[in-house]
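# Architecture and fold: a report
Listed here are the chains, written in short residue letters.
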Amino acid sequence: MATQTLHFPSARHLSQLYAGHLENLSHAERLLGLTLVTREDWLKLDGEPAAIAAGESLFALLNEARGLGLHIRTPDFHRFAEGVARGETAQLRALFTSPVVVSTQRKTIVPKTLGQKLYLQAILNHPLVFGIGPAGTGKTYLAMAAAVNALLKNQVERIILTRPAVEAGEALGFLPGDLNEKILPYLRPLYDAMGDMLDGGDVAKLTEKGIIEVAPLAYMRGRTLSRSFIILDEAQNTTPEQMMMFLTRLGEDSRMVVTGDITQIDLPRAKQSGLLEVQRILRDIPGIEFHQFSGADVVRHPLVLKIIEAYERYQNPINSASA
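Everything quoted here is computed from the prediction, not taken from an experiment.

## Concerning the packing of helix α10 (residues 240-247) against helix α11 (residues 274-282)
Two elements in contact, α10 and α11, have axes separated by 8 Å at closest approach and are oriented at 60°. Compared by their axis directions, α10 and α11 come out oblique. In the packing of α10 onto α11, the handedness of the crossing is right-handed. Here Pro240, Met243 and Leu247 of α10 lie close against α11, whose contacting residues are Gly274, Leu275, Glu277, Val278 and Leu282.

Set out below in structure tokens:
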């Protein structure tokens, strides 16, 4: 057994490295096989030499992340600890030495959390990515940023944005107005995100030319989408048949991002969510990446996280009590 004591500039500095939650230190203890004791501005590590070295690597990485401006949240701490336990310290450090920055016409998007950085990195490196988690984690916004960036760099010829129009049962014919007027309420969040990255006039021109296409999921049937960046939003409201239909639209030199929140399924009770099913079917296929966000990844107003946590406790009283 060995002992090592790490010292930090202040107690607050040290607390920020483990997101201010002592249970995160317990999580690291279980993963790395050591004992962690903290007082004020120091952290003592007890264990086998290899475990001590892993613990030192973990807190060196966390300190480096903090120094680069990353606000460490509980999911970030867990990802770091789990990565170090798997021997992936070098890969984690590469996240800092190789910044992930996406440029669009109106702004440059920089991930705000480690979870967002890993998600955006997955989008840039895989042809098919699933981003699953609650609202406010940046799932759709970052996918949109990557799509706009790819279009501006001529990596793709068009952007296709789609959602299942569950509220209207995708039977849009009975609604008044032309097609654009009928589908606009369901697709407005996608337009809003795009308007944050492209000039309004350009969005209109690109839409008129078909370079940007926004349509309900039902309109994807029978098509092969080549040289395109395709985003399926609100995918928790797809049926298994719709999900398979959508995924098989992937054409040559195209990329897909599928986003959804499995806690917000609006399908009739008799129908299963295609997003739930697809995780079991495609989990181990190379080139397909699943990225899971949690409530603690939320980057909206701090109250949003508290609201999500309160609902989770209400909906899972047994788990909350055991925790």
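So much for the structure itself; the text now carries on.
## Quick word on the packing of aromatic side chains
For the structure on display, the rule yields three aromatic pairs. Arranged with centres 5.1 Å apart and planes meeting at 75°, the rings of Tyr119 and Phe293 form a pair that is edge-to-face. Of this pair, Tyr119 sits in helix α6 (residues 114-125) while Phe293 sits in the loop between β11 (288-292) and α12 (302-315), placing them 174 residues apart in sequence. Ring geometry for Phe130 versus Phe290: centroids 4.5 Å apart, planes at 10°, classification stacked. In this pair, Phe130 is assigned in strand β6 (residues 128-132) and Phe290 in strand β11, connecting sequence segments 160 residues apart. Among the residues examined, Phe130 registers a relative accessible area of 0% and is labelled buried. Across the ring face of Phe290, the terminal group of Arg283 is positioned such that the distance to the ring centre comes to 4.5 Å.

Rules used throughout
Sequence positions are assigned chain by chain, starting from 1 and proceeding in written order. Thresholds applied to this predicted model are a pLDDT of at least 70 for local features of residues and 80 or more for the giving and counting of side-chain atom pairs; totals over whole chains, interfaces and linings are not thresholded and use all residues. Excluding hydrogens and water, the side-chain values take into account all heavy atoms of the structure. Note on method: axes are straight lines fitted to C-alpha atoms, helices fitted across the in-contact stretch only, with angles between N-to-C directions ranging 0 to 180 degrees. The numbering of helices and of strands both runs from the N terminus, where a helix is a DSSP run of H or I of at least 4 residues and a strand a run of E of at least 2. Here the word oblique covers every angle except those under 35 degrees (roughly parallel), over 145 (roughly antiparallel) and from 65 to 115 (roughly perpendicular). Whether a crossing is left-handed or right-handed is set by the direction in which the near helix is turned from the far one by less than a right angle, anticlockwise for left-handed and clockwise for right-handed. Residues are treated as being in contact if the distance between any of their heavy atoms lies within 4.5 Å. Aromatic pairing here means that ring centres of Phe, Tyr or Trp (its six-membered ring) are within 6.5 Å. Orientation follows from the plane angle: under 30 degrees is stacked, over 60 is edge-to-face, and everything else is tilted. Categorising residues by exposure relies on relative accessible area from a 1.4 Å probe, with only protein chains included: less than 20% of the type maximum marks a residue as buried, more than 50% marks it as exposed, and the intermediate range marks it as partly exposed. A ring is scored as having a charge over it whenever the NZ atom of a lysine or the CZ atom of an arginine sits within 6 Å of its centre and within 35 degrees of its normal.

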